[in-house]
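# Understanding the architecture of this molecule
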Amino acid sequence: LWNKVDREAKMLEVAAGVVRDAPPPPPPPRKDPDARTESASSESDDDDEFLESYRKKRLAELKAEKATPTFGAFNATASKQEYLDALATKDAVVVVHLHEPNYGPCRRLNGALAALAARRRDVRFLGLALGEAGE
């Protein structure tokens, strides 16, 4: 029934002179993403070379980072030998607090150095009592 109605409506439109638009052109064929052209292959090779060089550079950075000593704690009761060993180290920054263990401001500074040592793992923090340093 609907086909007959649709056909009659079309015939009436044609008889009345109504011009229908042409159907839209078909969409362009899609390119196969797996198919490589010469320029795409060249770009891909350049990308591969860049990624390989970046990977090697990043691995070297990580190895160098791992080789750097990490500390992360303040040793307020370091011995004289630990103090001398720390000063002999060339690959790390060393902060030494020569303190009097029973003096309030020195104890407060020890607390601040402990907090700082937790944040700065690349720096070695030592505390050496004045009595031991003078020996």
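Heads up: the structure comes first, above all this text.
What you see is a predicted model, and the numbers here were worked out from it, not measured in a lab. (Residues numbered from 1 in each chain as written. Predicted model: local features only at pLDDT ≥ 70, side-chain atom pairs only at ≥ 80, totals over all residues. Heavy atoms only, no water.)

Moving on, we get to the side chain of histidine 97. Mapped onto the elements, histidine 97 comes out in strand S2 (residues 93-99). What makes histidine 97 buried here is its relative accessible area of 9%. A distance of 2.7 Å separates polar atoms of two side chains, one belonging to histidine 97 and the other to asparagine 110. Residues contacting histidine 97, with those up to four places away along its chain left out, are Cys106, Leu109, Asn110, Leu113, Leu126, Gly127 and Leu128. (Helix = DSSP H or I, 4+ residues; strand = E, 2+ residues; numbered from the N terminus. Buried < 20%, exposed > 50% of the residue type's maximum accessible area, 1.4 Å probe, protein only. Polar contact = N/O pair within 3.5 Å; in protein donor to acceptor, adjacent residues only side chain to side chain. Contact = heavy atoms within 4.5 Å.)

Every other side chain in a regular strand lies on the same face of the sheet, so the side chains alternate between the two faces. Examined bridge by bridge, S2 and strand S3 (residues 123-129) share seven bridges and lie parallel to one another. Looking at the pairing, valine 95 lines up with phenylalanine 125 of S3. Regarding the hand of the β-α-β motif, the stretch spanning S2, helix H4 (residues 104-119) and S3 is right-handed. (Pairing = 2+ DSSP bridges. Right-handed = clockwise from strand over helix to strand, strands pointing away.)

In a structure, side chains of opposite charge can pair up when their charged atoms sit close to one another. Overall, the coordinates contain three salt bridges when judged by the stated rule. A salt bridge links glutamate 52 to arginine 55, with the shortest nitrogen-to-oxygen separation between them at 2.9 Å. Residue glutamate 52 and its partner arginine 55 are both found in helix H2 (residues 38-67); the two are separated by three residues, about one turn of the helix. Taking the shortest distance from any N to any O, the salt bridge between arginine 58 and glutamate 61 comes out at 3.0 Å. Pair noted here: arginine 58 and glutamate 61 are both in helix H2, with a separation of three residues, about one helical turn. Of the residues examined, arginine 58 reaches a relative accessible area of 35% and is grouped as partly exposed. (Salt bridge = Lys/Arg side-chain N within 4 Å of Asp/Glu carboxyl O.)

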